[in-house]
Structure formats: structure tokens, C-alpha cells
Amino acid sequence: MKDTGFHVPDDKIDRLPVLYAPDPESGEFHIWDESKGGRWNTPPAFQSGGGGLVSTADDYHAYFKMLLNGGKHSGERVLSRQAVELMTTNRLTPAQNAARTELATNNVHISFGQGQHGGWGFGMAVRTYRGDYAPVGQFGWDGGAGTSTYADPVDNVVGILLTQVGTSVPDSIHLMHDFWTTLYQAIED
């Protein structure tokens, strides 16, 4: 993953698009974060364990294909099969899952339906029930900058959605739902 990090250096900043967000009053889009001189153009004081990576579609694809391949990329072992299983299997206890379900249900008006997948592995969402096209076992995450990337071990597919609009409005989440619906409708048996 040669193009993934917690910042984009100056010699690659021309590849990072501007991030937009709507004005809460007018709905008009404005620049929320410039590329050059923006929040991802300089290294952070502390790298986050929970978010803030900047990546490319190629790197996302390589990472998720590696996970689908049980920890191997191009025949080379990157992670142990056991580590991949821990990452991509729901690790929530029944009590934690009940609390997560209550939180997701009670906040659905705030999250626009995000987080309704059911469970969490070590570092990513794991689907524990089938509420739409995605099968149980799908894993990945939605990002705050309008990204949505999941791998599906049942259909052996990786979907990557990269946008320039943050997930601050329902339209962003609706776009994610539409993307996944379209992806699954396109799969032929």
C-alpha cells in the first residue's frame, strides 16, 4: 500500500481532491478541506488508531483482496489467517451487541442509517444479519469523508466508493446505499 498514510506529502498532493460539505442553512456546497495546505497535507501530531488514513482505490483494493485471500497478497503472507479471522469476524459479546443495536437504533436519525450492519471485528464492521443485498460476513467500513469500502467473502467481491463529499448529510449515506444496491444487483450467478 504505497499510497496510504496519515497525510499526503507535497509531491503527491495534486492527486488528492478537494473535500466538500454543504452549508447547513443553504445546502450549497463549499470547500470543507483544501488539498494543498489542508488537514491531510501535513503529518498529524499523533497517528490515529481509529481513522484518518488517506488512501487510493488501488491500495484499498489490494488491502481488501488480501483479507479475502486469508492474509496473502500476490502469494506473499502479509497477515496470518488467524489475524484475518479475528479482524473479519464479529467480536461483540451479546451484551455489547445489544448496546450497539440500541445505540444504532436510537441514533438512526443522526447517522442516517450508518452502522446498521450488526457487528464489529478488530478494526472493521462485520455484517451479522441480512437486511439488504449484502450477505452475512461482509466486512469493511464507511469513512467520514464519504468513502465506503467492503469485502464480501460469499460473492468474492470488493466494492470501493470514494467521493468528495463528507458524510455530513443524508445524501452521502443514500449514495452509499445506492452504490451497494447497484453493486449487488450487477452480480451475475
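Residues numbered from 1 in each chain as written. Predicted model: local features only at pLDDT ≥ 70, side-chain atom pairs only at ≥ 80, totals over all residues. Heavy atoms only, no water.

Concerning the environment of threonine 89
The cut-off we apply is this: Secondary structure counts use DSSP, requiring at least four H or I residues in a row for a helix and at least two E residues in a row for a strand, with both numbered from the N terminus. Two residues form a contact once any of their heavy atoms are found within 4.5 Å. Polar contact criterion, stated in full: a pair of N or O atoms within 3.5 Å, where within protein one must be able to donate a hydrogen and the other to accept it, and residues adjacent in sequence count only if both atoms are side-chain atoms.
You can see threonine 89 is positioned in the loop between α2 (81–88) and α3 (94–106). When the C-alpha positions of threonine 89 and phenylalanine 139 are compared, they lie 8.2 Å apart, and in sequence the two are 50 residues distant. With residues near it in sequence (within four places) discarded, threonine 89 still touches Trp120, Gly121 and Val126. A distance of 2.6 Å separates the side chain of threonine 89 from the backbone oxygen of glutamate 85, its partner in a polar contact.

Quick word on helix α1 (residues 57–68)
At 3.6 residues per turn, the α-helix brings residues three or four places apart onto the same side. Heads up, the condition is: To estimate the expected span of a helix, subtract one from its residue number and multiply by 1.5 Å. Each residue is assigned to one of three classes by its accessible area relative to the maximum for its type, calculated with a 1.4 Å probe on protein chains only: buried under 20%, partly exposed between the two thresholds, exposed over 50%.
In this model, α1 (twelve residues) spans 16 Å end to end at C-alpha, consistent with the 16 Å of a helix rising 1.5 Å per residue. Looking at α1, one finds that the buried residues are Asp59, Tyr60, Tyr63, Phe64, Met66, Leu67 and Leu68. If you follow the buried residues of α1, they end up packed against β3 (72–73), α2, β7 (139–142), β8 (148–152) and β9 (157–161). Glycine 70 occupies a position one or two residues after α1 and carries a positive phi of about 70°.

Comments concerning the sheet that holds β9
The line we're drawing: Two strands pair under a simple rule: DSSP has to find at least two bridges between them. Inter-axis angles, ranging from 0 to 180 degrees, are taken between N-to-C directions of lines fitted to C-alpha atoms, where helices are fitted over the stretch in contact.
As summarised here, the arrangement of the five strands in space is β5-β6-β7-β8-β9, forming an open sheet in which the pairing is antiparallel. At either end of the open sheet lies a strand with only one pairing partner, and these are β5 (118–120) and β9. Taking the axes of each pair of neighbouring strands and ignoring which way they run, one obtains an average angle of 25° across the sheet. Bridge analysis of β5 against strand β6 (residues 125–127) gives three bridges, and the strand direction is antiparallel.

Digging into α2
The following threshold applies: Arc, as used here, means the arc of the directions from the helix axis to the C-beta atoms.
Buried within α2 we find Val84, Met87 and Thr88. Looking straight down α2, one finds its buried side chains confined to an arc of 80°; they lie on one side. On its buried face, α2 sits against α1, β6 and β7.

A few points about the packing of aromatic side chains
For clarity, the threshold we go by: The rule is short: rings of Phe, Tyr and Trp, with Trp giving its six-membered ring, pair when the centres are within 6.5 Å, and they are stacked under 30 degrees, edge-to-face over 60, tilted in between.
Summed over all chains, the structure comprises eight aromatic pairs. Considering the side-chain rings of tyrosine 63 and tryptophan 141, the 6.3 Å spacing of their centres and the 55° angle between planes classify their relative orientation as tilted. Of this pair, tyrosine 63 sits in helix α1 while tryptophan 141 is found in strand β7, placing the two residues 78 residues apart along the sequence. Classification of tyrosine 63 as buried rests on a relative accessible area of 19%. Given a relative accessible area of 24%, tryptophan 141 falls into the partly exposed group. Ring geometry for phenylalanine 179 and tryptophan 180: centres 4.9 Å apart, planes at 80°, overall edge-to-face.

Here we look at the pattern of salt bridges
Put simply, the rule is: Salt bridge criterion: a side-chain nitrogen from Lys or Arg within 4 Å of a carboxyl oxygen from Asp or Glu.
For the structure on display, the rule yields four salt bridges. Note that aspartate 3 is salt-bridged to arginine 15, the shortest N-O span being 3.2 Å. Linking aspartate 3 in the segment before β1 (19–22) with arginine 15 in the segment before β1, this pair joins segments that are twelve residues apart in sequence. Judged by relative accessible area, aspartate 3 falls into the buried class, the value being 16%. For lysine 36, the salt bridge identified is with aspartate 10, shortest N-O distance 3.0 Å. With a gap of 26 residues between them, lysine 36 in the loop between β2 (29–33) and α1 and aspartate 10 in the segment before β1 connect regions that are remote in the sequence. Under the relative-accessibility criterion, lysine 36 is labelled exposed at 54%. Taken together, the shared-partner salt bridges in this structure form one network comprising Asp3, Lys12 and Arg15.

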